[in-house]
Amino acid sequence: MAAVGPLARIARLGSHICRNRQLLCDRGSNRRGIASCIDPSYGLTDEQKEFQKVAFDFAANEMAPHMAEWDQKEIFPVETMRKAAELGFGGIYVQPDVGGSGLSRLDTSIIFEALSTGCVSTTAYISIHNMCAWMIDTFGNTEQREKFCPDLCTMEKFASYCLTEPGSGSDAASLLTTAQRKGDHYILNGSKAFISGGGDTDVYVVMCRTGGKGAKGISCLVVEKGTPGLSFGKKEKKVGWNSQPTRAVIFEDCAVPVTNRLGEEGQGFNIAMKGLNGGRINIASCSLGAAHASVELARDHLLVRKQFGETLSNNQFLQFKLAEMATRLVASRLMVREAATALQEGRRDAVSLCSMAKLFATDECFNICNQALQMHGGYGYLKDYAVQQFVRDIRVHQILEGTNEVMRMIISRNLLTES
Amino acid sequence: MSGRVLVGVKRVIDYAVKIRVKPDNSGVVTDGVKHSMNPFCEIAVEEAVKLKEKKLIKEVVAVSCGPQQAQETIRTALAMGADRGIHVQVTGKDYETLGPLQVSKILAALAKKEDAQLIILGKQAIDDDCNQTGQMTAALLDWPQGTFASEVSMEGDKLKVVREIDGGLEMIKINTPAVVSADLRLNTPRYATLPNIMKAKKKKIANVNPADLGVDLTSRVEILRVDEPPQRQAGVKVETVDDLVGKLKDTGRI
């Protein structure tokens, strides 16, 4: 037993040193975007690299460890999102005078891309929340901005964007929810479908019909949870995006003060579309993050998995496939960042570029994630492995915020309309 | 105790990167490799900022020695809440041979120049694992040292430091000015917030030459060769503790 003394001391000293390093390494090493040709920090300013670093660290430490649980148990991670808001992620491109961070669209894209590596679904909801906060910040008057934006920026309150209805998705301008003026209130009747966060959020930015048919008859109202006549449908069961609840939002003689109208009557559709331009960049950015994480997971798997006597990374088909995935990821990233810059600068091509970037990036990134799953073989199909969740979560990016078919409509209209 | 805290921050290869040895065995590949602030230095910065938030000290000054890129590390410290930075410019061969002896001489000189009352460092850097700079700095200044700190508190003009040692935890009380080196469990470093990152842009970083501080950077150490650790061999299972002790004696381990 005497010999155990010095032995124990050596063992403890060794484990002390190893434990330090292990504890450091355990703090989420896999999705840190380590330098390689797909490193998302290339070409960024020092300040943008700092933003990106915070977002990556937050994603690795606060989101990635829970991403599977949030998906399987359908948990809306309110506390984690509020932590993100403490860092300034609640109103990234909202102006600082009402609590926002006042950053550019490009800064925003970089941040969402990094956060998405931790959990696509949660980041996508945060981006929708940001979009709503921006709409109120930009189109609201002083009272509305001061009433709603500060709480949204801290995520004391959460927001939802309500445009789609059971009868109007791509044909958004044909929406039927009416808002009849009665004194100093609008009385809302109708229902919205597929509303992200619906039922759990506090502030609803609702596009509704105050005038005649078409886009020009639509206004934008802010409806608060708890307003009599506001109710919600059942929580939808989805293939992905499970860390955010999706419900129908139902208005039955719901009275909303006229002072909650953003902008003028008839301006609502315009506000909605302007919100979506940025929303499309954000969603595309979320796809970029998922694809980046998936490429790294695939690469790591290829370096470890052996078949036919060698690691998969020695197989030329897989090498070439990985190269193609990396190339398309970088191409997508460049489009999204250029679109963000164009939107920030108010360039004439901004709307088309946002549509092109959304179309290209969401399609390409889904294929990348899908390929990454394939490279994992049977393991890729197991929920123990993250790659399947990236695939399921970003599949919907090709559908919402304007289907990729609608993106083609916007782009072809730009090409074919006489200017 | 009010006054100035110097925090040393070192730019090292990021902890998650797989290290590769240069083909000529002269060192480790650093070109194009992701670098970040040494994790123990992050903990040191966090502790200093916490002391400032408790109003126990007035100013946090982040110091880094190295080439131009060291400024990135100082900016990270500024984004976490340090007030200003000092970049001690060391480049080329001097930077390759820069070690605890030279850095501690620099820190000692700066501490006198800046009238610092506390120096907080990470206990060691994850690239060289020296665990010497804090101790050497204290010796050069003839200041008390509280190393491997897992808890630091101020009691008047004395510092109470709980140290992580092999036998457990040791609590000591030391006079200030003093040097403290941060261990893993001292705190959990905060994330920089977006507003703080933007504010950090406006904070000042002063450029300083080691020569101006009267520091001689000549190294007393020459690195002959760097090799990867030997590949891990398969283990052997033994039945009893006596077998284990016997095997260890056989291989000369004990």
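Residues numbered from 1 in each chain as written. Chains lettered and ligands numbered in written order. Predicted model: local features only at pLDDT ≥ 70, side-chain atom pairs only at ≥ 80, totals over all residues. Heavy atoms only, no water.

Draft legend 1. Spotlight on the overall build of chain A. Secondary structure summary: chain A contains 12 helices and 10 strands in total. Its C-alpha radius of gyration of 23 Å places chain A within 12% of the 22 Å reference for a compact globule of 419 residues. Judged by the C-alpha coordinates and their principal axes, chain A covers about 90 × 55 × 40 Å. The long-range fraction of contacts in chain A, counting pairs at least 24 apart against all pairs at least 6 apart in sequence, stands at 74%. Taken as a whole, chain A presents about 17900 Å² of accessible surface, with 55% of it coming from carbon and sulfur. Side chains of chain A give 46 positive and 45 negative charges; the mean places of these two sets differ by 4 Å. (Helix = DSSP H or I, 4+ residues; strand = E, 2+ residues; numbered from the N terminus. Rg over C-alpha atoms; globule rule 2.2 N^0.38 Å. Contact = heavy atoms within 4.5 Å. Areas by Shrake-Rupley, 256 points an atom, 1.4 Å probe, with all protein chains shown as cover. Lys, Arg positive; Asp, Glu negative; His and termini not counted. Charge placed at Lys NZ, Arg CZ, Asp CG, Glu CD.)

Draft legend 2. Representation of the UniProt feature "domain: Acyl-CoA dehydrogenase/oxidase C-terminal" (unreviewed entry) in chain A in the model. The UniProt record annotates "domain: Acyl-CoA dehydrogenase/oxidase C-terminal" (unreviewed entry) at residues 266-416 of chain A. Note that residues 266-416 of chain A is 76% helix and 3% strand, and that its end C-alpha atoms are spaced 27 Å apart. (UniProt positions renumbered as here; feature names shortened; annotations may be inferred.)

Draft legend 3. View of the domain arrangement of chain A. Residues and elements named next belong to chain A. Annotation of chain A at the domain level lists domain 1 (38-157), domain 2 (160-265) and domain 3 (269-417). Summarising the inter-unit geometry, the C-alpha centres of domain 2 and domain 3 are found 30 Å apart. Taken together, the contacts link 14 residues of domain 2 with 13 residues of domain 3. Buried area between domain 2 and domain 3, summed over both chains or domains, comes out near 1100 Å², and the portion from carbon and sulfur atoms is 71%. For the pair domain 2 and domain 3, the number of links is 0 salt bridges. One can count 4 residue pairs in polar contact (both at pLDDT 80 or more) joining domain 2 with domain 3. Its residues placed into classes, the side of domain 2 that touches domain 3 shows 11 nonpolar, 3 polar and no charged. (Domains from an automatic or database assignment. Buried area = accessible area lost by both parts, 1.4 Å probe. Salt bridge = Lys/Arg side-chain N within 4 Å of Asp/Glu carboxyl O. Polar contact = N/O pair within 3.5 Å; in protein donor to acceptor, adjacent residues only side chain to side chain. Nonpolar A, V, L, I, M, F, W, Y, C, P; charged D, E, K, R; others polar.)

Draft legend 4. Inspection of the state of the cysteines at higher detail. Residue and element names in this part refer to chain A. In total, this model carries 0 disulfides over all chains according to the counting rule given. Between Cys119, a cysteine without a disulfide, and Cys286, which holds the nearest cysteine sulfur, the sulfur-to-sulfur distance is 9.7 Å. Its sulfur unpaired, Cys365 is 6.7 Å from the next cysteine sulfur, which belongs to Cys369. According to the relative accessible area criterion, Cys365 is buried, its value standing at 0%. (Disulfide = S-S within 2.5 Å. Buried < 20%, exposed > 50% of the residue type's maximum accessible area, 1.4 Å probe, protein only.)

Draft legend 5. Structural detail: the pairing of strand E8 (residues 158-165) of chain B. Residue and element names in this part refer to chain B. Bridging between strand E7 (residues 145-155) and E8 involves 6 bridges; their strand directions are antiparallel. Opposite Ala149, over in E8, you have Arg163 as the bridge partner. Where E7 folds back on E8, the antiparallel hairpin that results is connected by 2 residues, among which Gly156 adopts a positive phi of roughly 70°. Of the strand pairs in this sheet, E8 and strand E9 (residues 168-175) are connected by 8 bridges, and their pairing is antiparallel. Bridging from a neighbouring strand, Lys160 pairs with Lys173 of E9. In sequence, E8 turns back onto E9 through a hairpin of 2 residues. (Pairing = 2+ DSSP bridges.)

Draft legend 6. Geometry of the pairing of strand E4 (residues 203-209) of chain A. Residues and elements named next belong to chain A. Taken across its 7 residues, E4 has 7 buried, putting it largely inside the fold. Judged by which residues are buried, E4 turns out to be covered on both faces: Val203, Val205, Met207 and Arg209 on one side and Tyr204, Val206 and Cys208 on the other are all buried. The pairing of strand E1 (residues 159-162) with E4 spans 4 bridges and is parallel. When the bridges of E4 are listed, Ser160 appears paired with Tyr204. Here E4 pairs with strand E5 (residues 218-224) via 7 bridges, running antiparallel. Each residue of the ladder has a partner; that of Val205, found in E5, is Val222.

Draft legend 7. A look at the layout of surface pockets. All names here are of chain A. There is about 1300 Å³ of room inside the second largest pocket. Counting residues per element, the ones that place at least two in the lining of the second largest pocket are helix H6 (120-139), strand E3 (185-196), helix H8 (268-304), helix H10 (350-375), helix H11 (387-395) and helix H12 (404-416). Ranked by the residues each element gives to the lining of the second largest pocket, the list is headed by H8, at 7 residues. Of the residues assigned to the lining of the second largest pocket, the class counts are 21 nonpolar, 13 polar and 10 charged. (1 Å grid on protein atoms, 1.4 Å probe; cavity = no way out; pocket = protein on both sides within 12 Å on 5 of 7 lines; lining within 4 Å. Points joined across faces, edges and corners; volume = space filled by probe spheres on them.)

Draft legend 8. View of the UniProt feature "domain: Acyl-CoA dehydrogenase/oxidase N-terminal" (unreviewed entry) in chain A. Taken from the UniProt record, the annotation "domain: Acyl-CoA dehydrogenase/oxidase N-terminal" (unreviewed entry) applies to residues 45-156 of chain A. Note that residues 45-156 of chain A is 70% helix and 0% strand, and that its end C-alpha atoms are spaced 31 Å apart.

Draft legend 9. Main features of the UniProt feature "domain: Electron transfer flavoprotein alpha/beta-subunit N-terminal" (unreviewed entry) in chain B. Within the UniProt annotation, "domain: Electron transfer flavoprotein alpha/beta-subunit N-terminal" (unreviewed entry) is assigned to residues 25-217 of chain B. From the first C-alpha to the last, residues 25-217 of chain B spans 24 Å; its make-up is 32% helix and 31% strand.

Draft legend 10. Broad picture of the pattern of salt bridges. Within this structure, the stated rule accounts for 42 salt bridges over all chains. Linking Lys73(A) and Glu69(A) is a salt bridge whose minimum nitrogen-to-oxygen distance equals 3.1 Å. Highlighted residues: Lys73(A) and Glu69(A), both in helix H3 (residues 67-73), separated by 4 residues, approximately one helical turn. The partly exposed category is assigned to Glu69(A), whose relative accessible area is 36%. The partner of Arg185(B) in a salt bridge is Glu164(B), with the nearest N and O atoms 2.9 Å apart. Residue Arg185(B) is found in the loop between strand E10 (178-182) and helix H6 (194-200), and its partner Glu164(B) is found in strand E8; the two are separated by 21 residues along the sequence. Judged by its relative accessible area of 36%, Arg185(B) is partly exposed. In this structure Glu164(B) comes out as buried when scored by relative accessible area, which is 12%.

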